[in-house]
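Structural overview
Here are the chains, one letter per residue:
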Amino acid sequence: MIVATIAFYIFAGVAIAAGFMVIAARNPVHSVLFLILAFFNAAGLFVLMGAEFLAMILIIVYVGAVAVLFLFVVMMLDIDFAELREGFLQYMPIGALIGLIVLLELLLVAGTWTLAPEVASLAASPIPPMAEVTNAEAIGQVMYTQYVYFFQAAGMVLLVAMIGAIVLTLRKKPDAQRQSIPDQVARTAETAIEIKKVEPGQGL
Amino acid sequence: MAELWTTYGFPLFIIVGQSLGVLVGLLLFTAYILYADRKIFAAVQMRRGPNVVGPWGLLQSFADLTKFLFKEAIIPSSANKGIFLLAPVITATLALSAWAVIPFDDGWVVADLNVGLLYVLAFSSLGVYGIMMGGWASNSKYSFMGALRCAAQMVSYEVSLGFIVVSVLMTAGSLNLSDIVRAQDTSAGLFGWYWLIHFPAFVIFFISAIAETNRPPFDLPEAESELVAGYATEYSSTPFLLFFLGEFVAINLMAAMVTILFLGGWLPPFDWGPLHAVPGVIWFVLKVCFVFFLFAMVRAYVPRYRYDQLMRLGWKVFLPLSLGWVVVTAGVLVAFDLAP
């Protein structure tokens, strides 16, 4: 087990350090890259817990898609760092307040588990032994039965967000030249060219 | 101490040995795939291709390797040095590490993961970071344009790749790559492999794989007629070599994925005695070479896409088709009670 413990501390340590660097790095692109490092280490922690399915999904969804778009946007921004630093003190109280609330809530969750250990089992469903089913199957078994409404609700939230994004960005530009493949295919020699008889020395 | 050696030391030793074996084999294979790519391209254009270094030019790739290694590495003065040098290393490392879960024969796999399919998908989708970091860190317009195109392109085509993978895994009932190959082992041989029952998905996967690895006709990130060399404009010497290597290893990986998912991996094409006597790894390599030959022919024949056509193909054609295929597959599996 000693190797697992060492691996845990390495992953956890790097994750925390990377998380700190996300807010400490001067360059926003570096921040995003540190965020990706933090995701990676979180995936490593999942693997250590035997949840390799979650680890891979974390990498595919967050690192492979979400962070790419993040990086995409951040790379194109031209940020004035001095201006960014100026507002720091102004926003600090709000930031500190949010941090404090999150900290309190985390303490509440962890505290409840310690005070009343039976609470954790209220929401839990029986976990089949790892030797019998892979953890993709184990998740599938509860996700589409016990949690099917939550699953559907999450799907609806994402659908609404997606339609919202499309509606916000969809504009018809009348002067934009767009390729219309049916129009191109429907063209014939008769509609495409016009043959003119040009007399010598006359021009058109 | 002796216990520590038997529990960790010895397995570690074996894993390192296996990884080195795969690495050396893969790099040699890549060297000859590069040579084959140039020879095929030349044959299509009625040229001779590389034929000077070694007999029939067989050592050309090694001459190129030496050339790249001994050139001067130039770092642009306004580049972001750390990320500029990190980017090619990341590209090459990610492309190579995905091979850990590829089964070359029954049981010939470095890491027999239960989620092998997702692992490959994850690592091939991470390939975009090397290119984006390289393009941004070069601090050049062409590089940056290449990086932006690459990001949009790879994210788009991953979606359809992912959906096709879902329909294959529903039919096989496993995310383990070895199990997916075993599920194709029927008495029908060649016709029991998934290319036949998943034919539309096979075609979409093949095209998306080309787009995902930025091969022509989808090589918009390095379109030399528009962007000089795209994200690789400022790279030279060993960093460029690493980019190049990463790209070709990723192409081989995609050929291996097509082989495993649709062409029955290490299985012989007919259920006939003497064919079973041939080692599975030979079948596997032959199939990978065949798929690569198709990639090379596509590169030689098809002109480069325009960027809006590329996006249209990804989002408006492949995404609905592959999503529809998932629904059809699931429907058939449930309706006829075929789900494993």
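Residues numbered from 1 in each chain as written. Chains lettered and ligands numbered in written order. Predicted model: local features only at pLDDT ≥ 70, side-chain atom pairs only at ≥ 80, totals over all residues. Heavy atoms only, no water.

As a further point, take the overall build of chain A. Looking only at helices and strands, chain A has 10 helices and 0 strands in total. Each helix (α) and strand (β) of chain A, taken in turn from the N terminus, gives the series α-α-α-α-α-α-α-α-α-α. Only carbon and sulfur atoms are counted for the fraction: they give 72% of the accessible area of chain A, which is about 16100 Å². (Helix = DSSP H or I, 4+ residues; strand = E, 2+ residues; numbered from the N terminus. Areas by Shrake-Rupley, 256 points an atom, 1.4 Å probe, with all protein chains shown as cover.)

Assigned domains of chain A: these are domain 1 (1–79) and domain 2 (133–168). A C-alpha centroid distance of 23 Å is found between domain 1 of chain A and domain 2 of chain A. (Domains from an automatic or database assignment.)

All names here are of chain B. The full count for this structure, using the stated rule, is 24 aromatic pairs over all chains. Geometrically, the ring pair formed by Phe84 and Tyr235 is stacked, given 4.2 Å between the ring centres and 5° between the ring planes. In this pair, Phe84 is assigned in helix α3 (residues 81–97) and Tyr235 in the loop between α9 (224–227) and α10 (237–262), connecting sequence segments 151 residues apart. On the basis of relative accessibility, which here comes to 1%, the residue Phe84 falls in the buried class. According to the relative accessible area criterion, Tyr235 is buried, its value standing at 7%. Here Phe244 and Phe248 contribute two aromatic rings whose centre-to-centre distance is 5.4 Å and whose plane-to-plane angle is 55°, an arrangement assigned as tilted. Here Phe244 and its partner Phe248 are both found in helix α10, 4 residues apart, which amounts to about one turn of the helix. The partly exposed category is assigned to Phe244, whose relative accessible area is 28%. What links up through ring pairs into an aromatic cluster is the set Trp195, Phe199, Phe202, Phe205 and Phe262. (Phe/Tyr/Trp six-rings, centres within 6.5 Å; stacked < 30°, edge-to-face > 60°. Buried < 20%, exposed > 50% of the residue type's maximum accessible area, 1.4 Å probe, protein only.)

It is worth spelling out the interface of chain B and chain A at this point. Accessible area lost upon the coming together of the parts serves often as the stated size of an interface. On the chain A side, the residues contacting the 28 residues of chain B number 27 residues. Roughly 2300 Å² of surface becomes buried between chain B and chain A when both sides are summed, with 79% attributable to carbon and sulfur atoms. Across the chain B-chain A interface, the total number found is 0 salt bridges. For the side of chain B that touches chain A, the secondary structure elements donating two or more residues are α1 (2–44), α4 (116–137), α5 (141–172) and α13 (307–335) of chain B. If you tally residues by element for the side of chain B that touches chain A, the top one is α4(B), at 11 residues. Tallied by class, the residues present in the side of chain B that touches chain A amount to 20 nonpolar, 4 polar and 4 charged. (Contact = heavy atoms within 4.5 Å. Buried area = accessible area lost by both parts, 1.4 Å probe. Salt bridge = Lys/Arg side-chain N within 4 Å of Asp/Glu carboxyl O. Nonpolar A, V, L, I, M, F, W, Y, C, P; charged D, E, K, R; others polar.)

Residues A:Ile2, A:Val3, A:Ile6, A:Ile10, A:Val14, A:Leu37 and B:Leu4 make up a contiguous nonpolar surface patch of roughly 560 Å² in combined accessible area. By residue number, the principal contributor to the nonpolar patch is helix α1 (residues 2–24) of chain A, which donates 5 residues. With respect to the helices and strands, the residue B:Leu4 is situated in helix α1. (Patch = residues over 30% accessible without salt bridge, like charges linked within 9 Å, V, L, I, M, F, W, Y side chains within 5 Å.)

Turning to a positive patch on the surface, a few remarks are in order. A grouping of A:Arg171, A:Lys172, A:Lys173, A:Arg178, B:Arg312 and B:Lys316 is seen on the molecular surface, where their side chains present a positively charged patch. Its place among the elements puts B:Arg312 in helix α13. On the accessibility criterion, B:Arg312 (36% relative accessible area) is partly exposed. (Lys, Arg positive; Asp, Glu negative; His and termini not counted. Charge placed at Lys NZ, Arg CZ, Asp CG, Glu CD.)

Turning our eyes to something else, we now look at unusual backbone geometry. Most peptide bonds take the trans configuration, and most residues that are not glycine carry a negative phi. All names here are of chain B. With an omega of 5°, the peptide bond between Pro216 and Pro217 qualifies as cis. Structurally, Pro217 can be placed in the loop between α8 (199–212) and α9. Of note, Asn139 is a non-glycine position whose phi angle comes to about 60°, a positive value. Along the polypeptide, Asn139 turns up in the loop between α4 and α5. A positive phi is found at Ser237, a non-glycine position, where the angle reads about 55°.

This part covers the nonpolar core. The nonpolar side chains of soluble globular proteins are, as a tendency, buried together. All names here are of chain B. With 110 residues, the main nonpolar core has Ile102, Tyr129, Phe262 and Phe295 as its most contacted residues. Here this core gets 15 residues from one element, more than from any other, and that element is α4. Residues contacting Ile102, with those up to four places away along its chain left out, are Trp108, Val109, Val120, Leu177, Leu253, Ala256, Met257, Ile260 and Phe284. (Core = buried A, V, L, I, M, F, W, Y, C linked by side-chain atoms within 4.5 Å.)

Turning next to the pattern of salt bridges. All names here are of chain B. Counted by the stated rule, this structure contains 7 salt bridges over all chains. Notably, a salt bridge pairs Arg182 with Asp179, separated by 2.8 Å at the nearest N-O pair. In this pair, Arg182 and Asp179 both sit in helix α6 (residues 177–183), 3 residues apart, roughly one turn of the helix. Overall, Arg182 belongs to the partly exposed group, its relative accessible area being 37%. Among the charged side chains, a network of salt bridges with common partners joins Asp37, Arg215 and Arg299.

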